[in-house]
Amino acid sequence: MNETRIPVGILGATGMVGQQFAKFLQNHPWFEIAWVGASDRSAGKPYREATSWRLDGAMPARVQHLEVQECKPGNAPRLVFSSMDASVATEIEREFAMAGHVIVSNSRNHRMEPDVPLLIPEVNPDHLKIIPHQQRLRGWKGQIATNPNCSTIVLAMALAPLKPFGITRVVATTMQAISGAGYPGVASMDINANVIPFIGGEEEKMQQETQKILGDFTGEGLRPLNARVSAHCNRVPVVDGHTVTVSVEFERKPSKDDIIRALVNYRSVPQERQLPSAPPQPVIYMEENDRPQPRRDVERERGMAVFVGRLRECPVLDYKFVAMGHNTIRGAAGAAVLNAELMYSEGLLD
Ligand SMILES: NC(=O)c1ccc[n+]([C@@H]2O[C@H](COP(=O)([O-])OP(=O)(O)OC[C@H]3O[C@@H](n4cnc5c(N)ncnc54)[C@H](OP(=O)(O)O)[C@@H]3O)[C@@H](O)[C@H]2O)c1
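First, a word on scope: everything that follows refers to the structure included in this document. (Residues numbered from 1 in each chain as written. Predicted model: local features only at pLDDT ≥ 70, side-chain atom pairs only at ≥ 80, totals over all residues. Heavy atoms only, no water.)

Thoughts on the sheet that holds strand E6 (residues 143–146)
Read from one edge to the other, the open sheet built from six strands follows the order E3-E2-E1-E4-E5-E6, with strand pairing classed as parallel. Two strands in the sheet have a free side with no partner beyond their single neighbour: strand E3 (68–70) and E6. Sheet twist, expressed as the mean angle between neighbouring strand axes with direction ignored, is 30 degrees. Sheet topology note: the strand E4 (residues 79–82)/strand E5 (residues 102–105) ladder contains four bridges and is parallel. Residue pairing across strands places serine 82 opposite serine 105, the latter belonging to E5. (Pairing = 2+ DSSP bridges. Helix = DSSP H or I, 4+ residues; strand = E, 2+ residues; numbered from the N terminus. Axes fitted to C-alpha atoms, helices over the stretch in contact; angles between N-to-C directions.)

Rendered as structure tokens:
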């Protein structure tokens, strides 16, 4: 552990993802939470009073006594994670970046802006090269990097090892956990023993974000992957863990063994650099014919790996499989922390 850790702040610290940040950053070897911000309903209160703790285990001692601040730049540390309600994130994140902060955000607001990286450190670490363009274009010393939507990240991590086969078409259907809707999320009368076949804006996000993430940095900008992606999104009565069934077509159809080898051997920059939150194996292929399952598998690998199983031929596209990942860890707080670790290892936090 470093002698002096880097102080970090959290915008939206009291929410579902904010709490995951507080939990995930406990005993982090590089980062230490020094500042928490939320709405004016919470500002001025100690974190333990402002927050209804919804996660397993006790609220981390480190944050309990921190006074919740208004989300205004000023006395926050340079590195700030953001998990604010999307209705307010656009302006507030921009204000922080203008004031010189490094914003590592979960919110959808800036994800699709052409000069903002939509980062998965294993998949597109080179997209960070867009940051100097962002700073020049916007005339700010700060920066904004984002992580994908919680179901997109599961899909993109499962597809990334298959990119060398030339992905042309993807059909993805989600079964998304209720924690993905924040707290209190979906009313129990609606979700108990039920499936809700609509999550506002989610299908568009999965389609566009997947193309951006799997696209290439051209030296000038980010060129999206030239593949057609179709998503169906459903909310199901699962607490944590988004499951996605995927059918995919390739330019050069690989064998089933080629696909399994590509998934199992997939390693990238976070594993090479041994970033503290990087799972040793980002994609885990499960041989059992009834896995992955959210209740059994979601907590494995600290919630940072994506689990893939049931690979088989698809009579319409080439292959189909199931993928599953932790929506508030790999799909939110853990993703942002890994992004910040990559940025630190690139010298972007100096
Ligand atoms: N849940 C997931 O799986 C997931 C995954 C990926 C991304 N995200 C994104 O992450 C963000 C947070 O999601 P969540 O599920 O954690 O939501 P949440 O539980 O509703 O939390 C929202 C947070 O935003 C704060 N907030 C609300 N109004 C504010 C204002 N006017 N100024 C400053 N802060 C304000 C809240 O503070 P108070 O407590 O004071 O109201 C709270 O800390 C959203 O943009 C969401 O789309 C969520």
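Some details on the pattern of salt bridges
Oppositely charged side chains may form a pair once their charged atoms are brought near each other. Taken as a whole, this structure holds 18 salt bridges when the rule is applied. Between aspartate 297 and arginine 300 there is a salt bridge, with its nearest N and O atoms 3.4 Å apart. Judged by relative accessible area, which is 0%, aspartate 297 ranks as buried. Taken together, the shared-partner salt bridges in this structure form one network comprising Arg5, Glu32 and Arg62. (Salt bridge = Lys/Arg side-chain N within 4 Å of Asp/Glu carboxyl O. Buried < 20%, exposed > 50% of the residue type's maximum accessible area, 1.4 Å probe, protein only.)

Here's the deal with the sheet that holds strand E13 (residues 306–313)
A sheet is described by the order of its strands in space; here six strands give the open sequence E10-E7-E11-E14-E13-E12, paired in mixed fashion. The open sheet terminates on both sides in strands that have one partner only, identified here as strand E10 (228–232) and strand E12 (283–286). Each neighbouring strand pair of the sheet contributes to a mean axis angle of 25 degrees, computed without reference to strand direction. When E12 meets E13, the two strands line up parallel, connected through four bridges. Pairing of methionine 286 across the sheet is with glycine 309, part of E13.

Examining the pairing of strand E1 (residues 6–11)
Where E1 meets strand E2 (residues 31–38), six bridges bridge the pair, whose relative direction is parallel. From the neighbouring strand, isoleucine 6 faces E2, where its bridge partner is phenylalanine 31. Read from E1 through helix H1 (residues 16–24) to E2, the crossover connection turns out right-handed. One ladder, built from four bridges, connects E1 with E4; its direction is parallel. Residue pairing for E4: valine 8 is matched across the bridge by leucine 79. (Right-handed = clockwise from strand over helix to strand, strands pointing away.)

Points about the packing of helix H6 (residues 150–159) against helix H12 (residues 329–345)
Running from amino to carboxyl end, H6 crosses H12 at an angle of 90 degrees, the nearest separation of the two axes being 8 Å. One way to sum up the angle between H6 and H12 is to call them roughly perpendicular. Counting all contacts with H6, which are made through Cys150, Ile153 and Met157, the residues of H12 involved are Arg330, Gly331 and Ala335. Tallied by class, residues from the contact of H6 with H12 come to four nonpolar, one polar and one charged. (Parallel < 35°, antiparallel > 145°, perpendicular 65-115°, else oblique. Contact = heavy atoms within 4.5 Å. Nonpolar A, V, L, I, M, F, W, Y, C, P; charged D, E, K, R; others polar.)

A look at the site of the ligand
Among the 27 residues in the neighbourhood of the ligand, the closest are listed as Thr14, Val17, Ser39, Arg41 and Ser42. Backbone polar atom of valine 17 to an oxygen atom of the ligand: 2.8 Å apart, as the coordinates give it. Within the side chain of serine 39, a nitrogen or oxygen atom sits 2.6 Å from an oxygen atom of the ligand. In isolation the ligand exposes 910 Å². Once the protein is present, 82% of that is buried. Mapped onto the shell around the ligand, the elements with two or more residues apiece are H1, helix H4 (86–98) and H12. (Near = heavy atom within 4 Å. Polar contact = N/O pair within 3.5 Å; in protein donor to acceptor, adjacent residues only side chain to side chain. Areas by Shrake-Rupley, 256 points an atom, 1.4 Å probe, with all protein chains shown as cover.)

Re the pairing of strand E11 (residues 242–250)
Judged by how many residues are buried, E11 sits mostly within the fold: eight of nine residues are covered. Sheet topology places strand E7 (residues 167–175) next to E11; eight bridges connect them, and they run antiparallel. Looking at E11, one finds that valine 171 is bridged to serine 247. As paired elements, E11 and strand E14 (residues 319–325) share seven bridges and run antiparallel to each other.

Focus on H1
Most of H1 sits inside the fold, with eight of its nine residues counted as buried. Within H1, the full set of buried residues consists of Met16, Val17, Gly18, Gln19, Gln20, Phe21, Ala22 and Phe24. Among the structural elements, E1, E2, helix H2 (47–50), helix H3 (61–64), E4 and H12 are those in contact with the buried residues of H1.

Notes on the side chain of glutamate 93
Tracing the backbone shows glutamate 93 in helix H4. Among the polar contacts made by the side chain of glutamate 93, one reaches the side chain of serine 82 at a distance of 2.6 Å. The contact partners of glutamate 93, leaving out residues within four places of it in the chain, are Ser82, Met84, Ile103, Ser105, Ser107, His110 and Ile144.

With respect to the nonpolar core
Phe21, Phe31, Ile33, Tyr47, Leu79 and Phe81 are the most contacted members of the largest nonpolar core, which totals 44 residues. For this core, the secondary-structure elements that each account for two or more residues are E1, H1, E2, H2, E4, E5 and H12. Sort the elements by how many residues they give to this core and H12 lands first, with nine residues. Counting 43 residues, the second-largest nonpolar core is a separate cluster that includes Ala156, Leu214, Cys233 and Ala335. (Core = buried A, V, L, I, M, F, W, Y, C linked by side-chain atoms within 4.5 Å.)

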